[in-house]
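An overview of the molecular structure
Read off the chains here:
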Number of protein chains: 2
Amino acid sequence: MEDIDRRIVTLLARDGRMSFTDLARETGLSVSAVHQRVRRLEKRGVIRSYAALIDHDAVGLPLTAFVSIKPIDPSAPDDAPERLEHLTAIEACHSVAGDESYILKVRVPSPNALELLLQQIRAAANVATRTTIVLSTPYEYRTPDLTGDAS
Amino acid sequence: MEDIDRRIVTLLARDGRMSFTDLARETGLSVSAVHQRVRRLEKRGVIRSYAALIDHDAVGLPLTAFVSIKPIDPSAPDDAPERLEHLTAIEACHSVAGDESYILKVRVPSPNALELLLQQIRAAANVATRTTIVLSTPYEYRTPDLTGDAS
DNA sequence: CATGAAATTATGATCAA
DNA sequence: TTGATCATAATTTCATG
């Protein structure tokens, strides 16, 4: 991927509503050239989608947790992601190496709702759960710097 | 928060570039009424920002991991988030309950880069690390359904 | 990749409920 | 306070070189 594309992706990752006009100014390209590149990045799947990032507190989902799951029957087919997909409280599902098989990130209104969700998860996927409660989130959804990568 | 606002937030969380015209059509309001509400949601911080969601594989960061950290000196002031903020490979930092104090989510190009990053984390924050490698991600960045909450 | 024109959208003032 | 209508500015989008 070219340098200009990395620049465009970084800018849009930081401000998903930046106008083509502004992108053009920032990159030194014409509006239509940027437009073309963005469309290509979308088509290639480099840019997956655009999203508004919301304040989960403000929206009634103040409790975040990580739920690690482990199959109760290790010989059963491992289709936990599909079995859990309908639970919209689950924001993310990562297959991981280690003792447990998946890490889920969940958002709920209250401890009660978390308890209920855990029951649903266990029932739907036939797994044992281990839950880590998030107390606060100093930062989240940060964007990598794709230009001049200093880790 | 009103029902229409929940609707607007949900729509924008799913498509951050949806036009006011489309939002108006979906909500049954006029364009300017939606415009007003979106601006208010932004001002109140319900909508924090907008972002393009990128394909980390396509962008040269195919390796994701969760890094749990624990202070080596528990009596030292706990300012790990600030000490780690400059490491742009860290996408998120959550303070958590349990044996460890923070969970970090990191994105790097390679195992080598991960090793280097872990050294930097340990040095910068004076912590011990425990790393869980992500093998694959069935889904991520999903949006809660704020209307008619079925968890 | 740039230019320029046409279509669409964003924005704010004003008025009404 | 909230929403509708309207006018204007800005942006998106596309054809062409």
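Residues numbered from 1 in each chain as written. Chains lettered and ligands numbered in written order. Predicted model: local features only at pLDDT ≥ 70, side-chain atom pairs only at ≥ 80, totals over all residues. Heavy atoms only, no water.

What about the pairing of strand E2 (residues 63-71) of chain B?
Sheet faces and side chains relate simply in a regular strand, where the side chains alternate between the two faces. Residue and element names in this part refer to chain B. Counting buried positions along E2 gives 7 out of 9 residues, so the element sits mostly inside the fold. With 7 bridges connecting them, E2 and strand E4 (residues 102-108) associate as antiparallel partners. The residue of E4 that forms the bridge with Val 67 is Leu 104. When E2 meets strand E5 (residues 127-139), the two strands line up antiparallel, connected through 7 bridges. Across the sheet, residue Pro 71 finds its bridge partner in E5, namely Val 127. (Buried < 20%, exposed > 50% of the residue type's maximum accessible area, 1.4 Å probe, protein only. Helix = DSSP H or I, 4+ residues; strand = E, 2+ residues; numbered from the N terminus. Pairing = 2+ DSSP bridges.)

Details of the pairing of E5(B)
Where strand E3 (residues 90-96) of chain A meets E5(B), 3 bridges bridge the pair, whose relative direction is antiparallel. By the bridge assignment, Cys93(A) is partnered in E5(B) with Tyr139(B).

A word on the interface of chain B and chain A
With 62 residues of chain B at the contact, the number on the chain A side is 61 residues. Here chain B meets chain A over a buried area of about 5,700 Å², counting both sides, of which 57% is carbon and sulfur. One can count 2 salt bridges joining chain B with chain A. The partner of Arg48(B) in a salt bridge is Asp55(A), and the shortest N-O contact between them spans 3.9 Å. Between chain B and chain A we count 39 residue pairs in polar contact (both at pLDDT 80 or more) in total. Those elements giving two or more residues to the side of chain B that touches chain A turn out to be helix H1 (3-14), strand E1 (47-54), helix H4 (80-84), strand E3 (90-96), E4, helix H5 (111-125) and E5 of chain B. (Contact = heavy atoms within 4.5 Å. Buried area = accessible area lost by both parts, 1.4 Å probe. Salt bridge = Lys/Arg side-chain N within 4 Å of Asp/Glu carboxyl O. Polar contact = N/O pair within 3.5 Å; in protein donor to acceptor, adjacent residues only side chain to side chain.)

Section: the relation of the copies chain B and chain A
Here chain B sits on chain A after a turn of 180 degrees about the axis and a move of 0.0 Å along it, with an RMSD of 0.0 Å. Within this description, the copies of the chain are treated as partners about a two-fold rotation axis. For chain B, the smallest separation between a C-alpha atom and the rotation axis is recorded for Ala51(B), amounting to 2.7 Å. Interface residue correspondence from chain B to chain A reaches 98%, placing this contact among same-surface, isologous pairings. (Least-squares fit on C-alpha atoms with pLDDT ≥ 70 in both.)

Things to note about the protein's contact with DNA strand C
Ser30(A), Arg37(A), Phe20(B), His35(B) and Arg39(B) are the nearest of the 14 residues found near DNA strand C. Between DNA strand C and the protein, one listed contact pairs a phosphate oxygen with a backbone N or O atom of Phe20(B) at 2.9 Å. Between DNA strand C and Thr21(B), the relevant distance is 3.4 Å, taken from a phosphate oxygen to a main-chain nitrogen or oxygen of the residue. Going through the elements one at a time, helix H3 (31-43) of chain A together with helix H2 (20-27) and helix H3 (31-43) of chain B are the ones with two or more residues in the surface near DNA strand C. (Near = heavy atom within 4 Å.)

Concerning the side chain of Asp55(A)
Considering the arrangement of structural elements, one finds Asp55(A) in the loop between strand E1 (47-54) and strand E2 (63-71). For Asp55(A), a relative accessible area of 17% corresponds to the buried category. Residues contacting Asp55(A), with those up to four places away along its chain left out, are Gly45(B), Val46(B) and Arg48(B).

Considering the UniProt feature "domain: HTH asnC-type" (unreviewed entry) in chain A
Cross-referencing UniProt, the feature "domain: HTH asnC-type" (unreviewed entry) maps to residues 1-62 of chain A in the present numbering. This span, residues 1-62 of chain A, is 53% helix and 13% strand, and a straight line between its end C-alpha atoms measures 39 Å. (UniProt positions renumbered as here; feature names shortened; annotations may be inferred.)

A look at the domain arrangement of chain A
Often the size quoted for an interface is simply the accessible area lost on bringing the parts together. Here chain A is described as being made up of domain 1 (1-42) and domain 2 (55-131). With centres defined by C-alpha atoms, the gap from domain 1 of chain A to domain 2 of chain A works out at 36 Å. (Domains from an automatic or database assignment.)

Side note on the protein's contact with DNA strand D
Phe20(A), His35(A), Arg39(A), Ser30(B) and Arg37(B) are the nearest of the 15 residues found near DNA strand D. Considering the 4 Å shell around the protein, atoms of DNA strand D inside it are sugar or phosphate in 72% of instances. Contacts to DNA strand D include Thr21(A), whose backbone N or O atom sits 3.5 Å from a phosphate oxygen. A distance of 2.7 Å separates a phosphate oxygen of DNA strand D from a polar side-chain atom of Arg37(B). If you list the elements that add at least two residues to the surface near DNA strand D, you get helix H2 (20-27) and H3 of chain A together with H3 of chain B. Sort the elements by how many residues they give to the surface near DNA strand D and H3(B) lands first, with 5 residues. Counted by class, the surface near DNA strand D contains 4 nonpolar, 7 polar and 4 charged residues. (Nonpolar A, V, L, I, M, F, W, Y, C, P; charged D, E, K, R; others polar.)

Section: the environment of Met18(A)
Within the secondary structure layout, Met18(A) lies in the loop between helix H1 (3-14) and H2. Look at Met18(A) and you get buried, because its relative accessible area is 13%. Between the C-alpha atom of Met18(A) and that of Glu100(A), which follows or precedes it by 82 residues, the distance is 40 Å. Not counting the four nearest positions on each side in its chain, Met18(A) is found in contact with Leu11(A), Leu12(A), Leu23(A) and Arg17(B).

Here we look at the sheet that holds E2(B)
Strand pairing in a sheet takes place through backbone hydrogen bonds and is either antiparallel or parallel in direction. Spatial strand order, E2(A)-E4(A)-E3(A)-E5(B)-E2(B)-E4(B)-E3(B)-E5(A): 8 strands in a closed barrel with antiparallel pairing. The mean angle between the axes of side-by-side strands here comes to 35 degrees, regardless of whether they run parallel or antiparallel. Across 5 bridges, E3(B) lies against E4(B) in antiparallel orientation. Looking at E4(B), one finds that Ile90(B) is bridged to Val106(B). Sheet strands touched by helix H5 (residues 111-125) of chain A: E2, E3, strand E4 (102-108) and strand E5 (127-139) of chain A. Its angle to E5(A), the strand with the most contacts, is close to 140 degrees. (Axes fitted to C-alpha atoms, helices over the stretch in contact; angles between N-to-C directions.)

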